[in-house]
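Each chain is listed here by its residues.
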Amino acid sequence: MIFSVLTIFPDLFDSPLRDGIVGKAIGERKISVDLVNIRQFATDRHATTDDRPYGGGEGMVMKPEPLVRALQQVRTTARPSARVVLLSPQGRLLRQDIAEELVDPSGQLILICGRYEGVDERFRRHVDDEISIGDYVLTGGELAALVIIDAVTRLIPGVLGCRASAENDSFCGNLLKHPQYTRPRVFEGQNVPDVLLSGDHHKIGEHRFLAAVRQTLQRRPQLLAGRQFSAPETALLQR
Ligand code: SAM
């Protein structure tokens, strides 16, 4: 999958894309991230990408022309199914199901990072979608783009070592993941639940399912409204 990122700060992407699962996915050519510097599409000698808002007021607004030119340049070599997403606090809230919707292993996601007070309203007609990573305001779209690249990349088949890792994560099936433990067996006086040491995989499965439901009820009960419990799960819950 190709991620093309339009930004005025391409250097912000250096380190986050080098390490971990995303860095490995790039190394293994499962994804590529092309950084496009919007400043290179400004035409004046100061490479201006922002200007004062019409009507007055604080801050600067990103000019539409460099953005459109940068996007046109990317589109000349883009894959046919390429999707253009503007990062915006006013967009659809990113959730796991939206990350899943964005996965397209042979496709391309073009991410546009705003800065200042945001982009000129007239640029919006050039985008397919607007996504927010949460109800708070960042100084720019770069961190939001990195969040999307990370959340989408780990869902691309073959990126995570174990396919089941993504399938058993929080939000899959509208449940949070069950609590997890590793060595030591006793830590600060707290024991690992006995059943996890039993070797009985059926019992461990039941324990983890019930623990996941409990965790979800306590922390994110609203998720359960979208959960379809199977007949064996319902029987287990009623036991
Ligand atoms: N003035 C805008 C408003 O009140 O809606 C906020 C602009 S923000 C300071 C600058 C840029 O950061 C935005 O254009 C967007 O690209 C990015 N940004 C800020 N918060 C974001 C969020 N929660 N999710 C995604 N992008 C965000």
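What counts and how
Residues numbered from 1 in each chain as written. Predicted model: local features only at pLDDT ≥ 70, side-chain atom pairs only at ≥ 80, totals over all residues. UniProt positions renumbered as here; feature names shortened; annotations may be inferred. Domains from an automatic or database assignment. Axes fitted to C-alpha atoms, helices over the stretch in contact; angles between N-to-C directions. Helix = DSSP H or I, 4+ residues; strand = E, 2+ residues; numbered from the N terminus. Parallel < 35°, antiparallel > 145°, perpendicular 65-115°, else oblique. Contact = placed C-beta atoms within 7 Å. Nonpolar A, V, L, I, M, F, W, Y, C, P; charged D, E, K, R; others polar. Near = placed C-beta within 6 Å. Buried ≥ 20, exposed ≤ 12 C-beta atoms within 10 Å, placed from the backbone. Pairing = 2+ DSSP bridges. Right-handed = clockwise from strand over helix to strand, strands pointing away. Core = buried A, V, L, I, M, F, W, Y, C linked by C-beta atoms within 7 Å.

Per an unreviewed UniProt entry, the chain is named tRNA (guanine-N(1)-)-methyltransferase, and its organism is Desulfofustis glycolicus DSM 9705. Here the chain is described in UniProt, under the heading Subcellular location (unreviewed entry), as follows: "Cytoplasm". Regarding the chain, the relevant UniProt record gives this comment under Catalytic activity (unreviewed entry): "guanosine(37) in tRNA + S-adenosyl-L-methionine = N(1)-methylguanosine(37) in tRNA + S-adenosyl-L-homocysteine + H(+)".

Trainee: Is there a simple way to explain the domain arrangement of the chain in this structure?
Mentor: Where interface size is given, it is often the accessible area lost as the parts come together that is meant. Domain assignment breaks the chain into domain 1 (2-153) and domain 2 (168-238). Relative to domain 2, the C-alpha centre of domain 1 lies at a distance of 37 Å.

Trainee: What am I meant to see in the packing of helix 1 (residues 20-27) against helix 4 (residues 142-153) here?
Mentor: Relative to each other, helix 1 and helix 4 sit at 70 degrees, their axes nearing to 10 Å. Regarding the angle of helix 1 to helix 4, the classification is roughly perpendicular. Residue-level contacts link I21, V22 and A25 of helix 1 to I149, D150 and T153 of helix 4. Across the contact of helix 1 with helix 4, the residue classes tally to four nonpolar, one polar and one charged.

Trainee: Looking at this model, I keep getting lost on the environment of V61. Mind explaining?
Mentor: Structurally, the position occupied by V61 is in strand 4 (residues 61-62). Taking C-alpha positions, V61 is 5.3 Å from E117, a pair spaced 56 residues apart along the chain. Setting aside residues up to four positions removed in sequence, V61 forms contacts with D50, D51, P53, Y116, E117, G118 and D120.

Trainee: I would appreciate a short explanation of the site of the ligand in the present structure.
Mentor: Around the ligand, 20 residues are found, and the nearest of them are L87, G114, G118, G141 and A144. Per-element tally for the shell around the ligand: the top contributor is strand 5 (residues 83-93), with four residues. Its residues assigned to classes, the shell around the ligand comprises nine nonpolar, nine polar and two charged.

Trainee: What's the story with the pairing of strand 1 (residues 2-7) in this structure? I'm lost.
Mentor: Sheet faces and side chains relate simply in a regular strand, where the side chains alternate between the two faces. Most of strand 1 is tucked away: five of the six residues are buried. Two strands pair when backbone bridges link them, and strand 1 and strand 2 (residues 32-37) are joined in this way by six bridges, in the parallel orientation. Note that in strand 2 the partner of S4 across the bridge is D34. Assessed by its sense of winding, the connection that carries the chain from strand 1 through helix 1 to strand 2 is right-handed.

Trainee: I keep staring at the nonpolar core and nothing clicks. Help me out?
Mentor: Nonpolar side chains in soluble globular proteins tend to end up buried together. By size, the foremost hydrophobic cluster in this structure holds 41 residues, and its most contacted members are L67, V85, L87, L111, I112 and A145. Mapped onto this core, the elements with two or more residues apiece are strand 1, helix 1, strand 4, helix 2 (64-76), strand 5, helix 3 (96-102), strand 6 (108-112) and helix 4. Sequence-distant contacts of L87, defined by excluding residues within four places in its chain, comprise L111, I112, C113, G114, I131, G141, A144 and A145.

Trainee: Is there a simple way to think about the UniProt feature "binding site: S-adenosyl-L-methionine" (unreviewed entry) in the chain in this case?
Mentor: In this numbering, the UniProt entry assigns the feature "binding site: S-adenosyl-L-methionine" (unreviewed entry) to G114, I133, G134, D135, Y136, V137 and L138. Exposure remark for G114: the 25 C-beta atoms within 10 Å place this residue in the buried category. Tracing the backbone through its elements, the reader meets L138 in the loop between strand 7 (129-132) and helix 4. With 17 C-beta atoms counted inside 10 Å, the residue L138 sits in the partly exposed group. Ignoring any residue separated from it by four or fewer positions in sequence, one finds L138 in contact with L143 and A144.

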